[in-house]
Amino acid sequence: MDIFLNLSGFADDSLYIENLIDFLHYETGVNEDRQGVPPASFSSDIRFCDVSYRYPNSGSMVLRNINFTISKGEKVALVGRNGSGKSTLLYLLMRLYDPAAGAIYMDGMDIRKYTLKDYRNMFVVLFQDFKLYAFSIRDNMQMVNADPLRESEVSEVLSLSGLHEKISDLPLGLDTQLTKEFDEDGVIFSGGEMQKFGIAR
């Protein structure tokens, strides 16, 4: 009986193993130009020129012939219905995808000509699905930085994001645990506070 139960368990597990194998063999759809040049500091503008995009296995274009320019120092808000392509524009700008047609230029150069890692490092992006983890506030701040953060750096960014006062009022300050998953005294941020924390991070 145990043998038959284990065999059915193997069948269930194989479904997850197949997903893992697919993930391990995943090949990126965005190719880096090995002869690419590192971008200099951003100095002029970003231009979308006749940019179109279709998601894989989709019959219709999400974006078609998009043209606009964002100049250095300009603040821009993209507003539209759900599914209208706002996030896709950002993914294209970050080169998580490449356009099906047209091109995106930064300071007059097609962004595909830049080295991919150096180009992406010019941006700071807070996507909708970012996560906070059941660690301390300090550890959540630290996790995206290779070098240890100084207390003054953490305080500065928390002030800029509007969270410094709230965190200063907590008994353990930066050592306060986020969520109550492992600590009953942990703090749970509101949705807006989570976004502020994501910006600070």
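Just above, that's the structure.
Now for a description of the structure that goes with this document. A quick note: this is a predicted structure, and the numbers were derived from the prediction, not measured.

Even without a glycine there, the phi angle at Asp-50 is positive, about 50°. By the secondary structure assignment, Asp-50 is in strand S1 (residues 45-53). Judged by relative accessible area, which is 43%, Asp-50 ranks as partly exposed. The backbone of Asn-65 shows a phi angle near 50°, a positive value even though the residue is not glycine.

Attention now goes to the pattern of salt bridges. Tallying each qualifying case throughout the model produces 6 salt bridges. Arg-95 is the partner of Asp-98 in a salt bridge, and the nearest nitrogen-oxygen pair spans 2.8 Å. According to the relative accessible area criterion, Arg-95 is buried, its value standing at 1%. Its salt-bridge partner being Arg-138, residue Asp-175 comes within 3.1 Å of it at the nearest N-O pair. On the criterion of sequence distance, the pair formed by Asp-175 in the loop between helix H6 (164-168) and helix H7 (191-200) and Arg-138 in helix H4 (residues 137-142) is long-range, its members being 37 residues apart. Three or more residues are tied together by salt bridges with common partners; here these are Arg-138, Glu-151 and Asp-175.

Among the structural elements, Ser-161 can be located in helix H5 (residues 151-161). On the basis of relative accessibility, which here comes to 12%, the residue Ser-161 falls in the buried class. At 3.1 Å, the side chain of Ser-161 forms a polar contact with the backbone oxygen of Leu-158. Residues within four places of Ser-161 in sequence aside, it is in contact with Lys-196 and Ala-200.

Moving on, we get to the pairing of S1. Two strands pair when backbone bridges link them, and S1 and strand S2 (residues 63-71) are joined in this way by 6 bridges, in the antiparallel orientation. Residue pairing in the sheet places Val-51 in a bridge with Ile-66 of S2. Where S1 lies against strand S3 (residues 101-106), 5 bridges are found, and the strand directions are antiparallel. Of the residues in S3, the one forming a bridge with Cys-49 is Ala-103.

Residues Ile-137, Leu-158, Ile-167, Leu-178, Phe-189 and Phe-197 are the most contacted members of the largest nonpolar core, which totals 15 residues. With residues up to four places along the chain from it excluded, the contact list for Phe-197 reads Leu-132, Ile-137, Asn-140, Met-141, Leu-163, Leu-178 and Phe-189. Tyr-53, Leu-93, Ile-104 and Met-106 belong to the second largest nonpolar core, which has 13 residues in total.

Bringing the sheet that holds S1 into the picture now. In space, the 4 strands of this open sheet follow the order S2-S1-S3-S4, with antiparallel pairing throughout. Strand pairing shows two members of the sheet lacking a second neighbour, S2 and strand S4 (109-110), which therefore form its edges. Sheet analysis places S3 next to S4, joined by 2 bridges and oriented antiparallel. In the sheet register, Met-106 faces S4, and the bridge partner there is Met-109. Against the sheet, helix H2 (residues 86-93) engages S1, S2 and S3, with an angle of about 115° to S1.

What follows is about the layout of surface pockets. Taken as a whole, the largest pocket encloses approximately 870 Å³ of empty space. Lining the largest pocket are 28 residues; nearest its centre among them are Val-76, Leu-78, Leu-90, Leu-93 and Val-125. Those elements that provide at least two residues to the lining of the largest pocket are S1, S2 and H2. Broken down by element, the lining of the largest pocket gets its largest block of residues, 6 residues, from H2. Its residues assigned to classes, the lining of the largest pocket shows 19 nonpolar, 4 polar and 5 charged. Forming the boundary of the second largest pocket are Val-124, Val-125, Leu-126, Phe-130, Lys-131, Tyr-133, Met-143, Val-144, Gly-198 and Arg-201. Residue composition of the lining of the second largest pocket, grouped by class: 7 nonpolar, 1 polar and 2 charged.

Conventions adopted
Residues numbered from 1 in each chain as written. Predicted model: local features only at pLDDT ≥ 70, side-chain atom pairs only at ≥ 80, totals over all residues. Heavy atoms only, no water. Helix = DSSP H or I, 4+ residues; strand = E, 2+ residues; numbered from the N terminus. Buried < 20%, exposed > 50% of the residue type's maximum accessible area, 1.4 Å probe, protein only. Salt bridge = Lys/Arg side-chain N within 4 Å of Asp/Glu carboxyl O. Polar contact = N/O pair within 3.5 Å; in protein donor to acceptor, adjacent residues only side chain to side chain. Contact = heavy atoms within 4.5 Å. Pairing = 2+ DSSP bridges. Core = buried A, V, L, I, M, F, W, Y, C linked by side-chain atoms within 4.5 Å. Axes fitted to C-alpha atoms, helices over the stretch in contact; angles between N-to-C directions. 1 Å grid on protein atoms, 1.4 Å probe; cavity = no way out; pocket = protein on both sides within 12 Å on 5 of 7 lines; lining within 4 Å. Points joined across faces, edges and corners; volume = space filled by probe spheres on them. Nonpolar A, V, L, I, M, F, W, Y, C, P; charged D, E, K, R; others polar.

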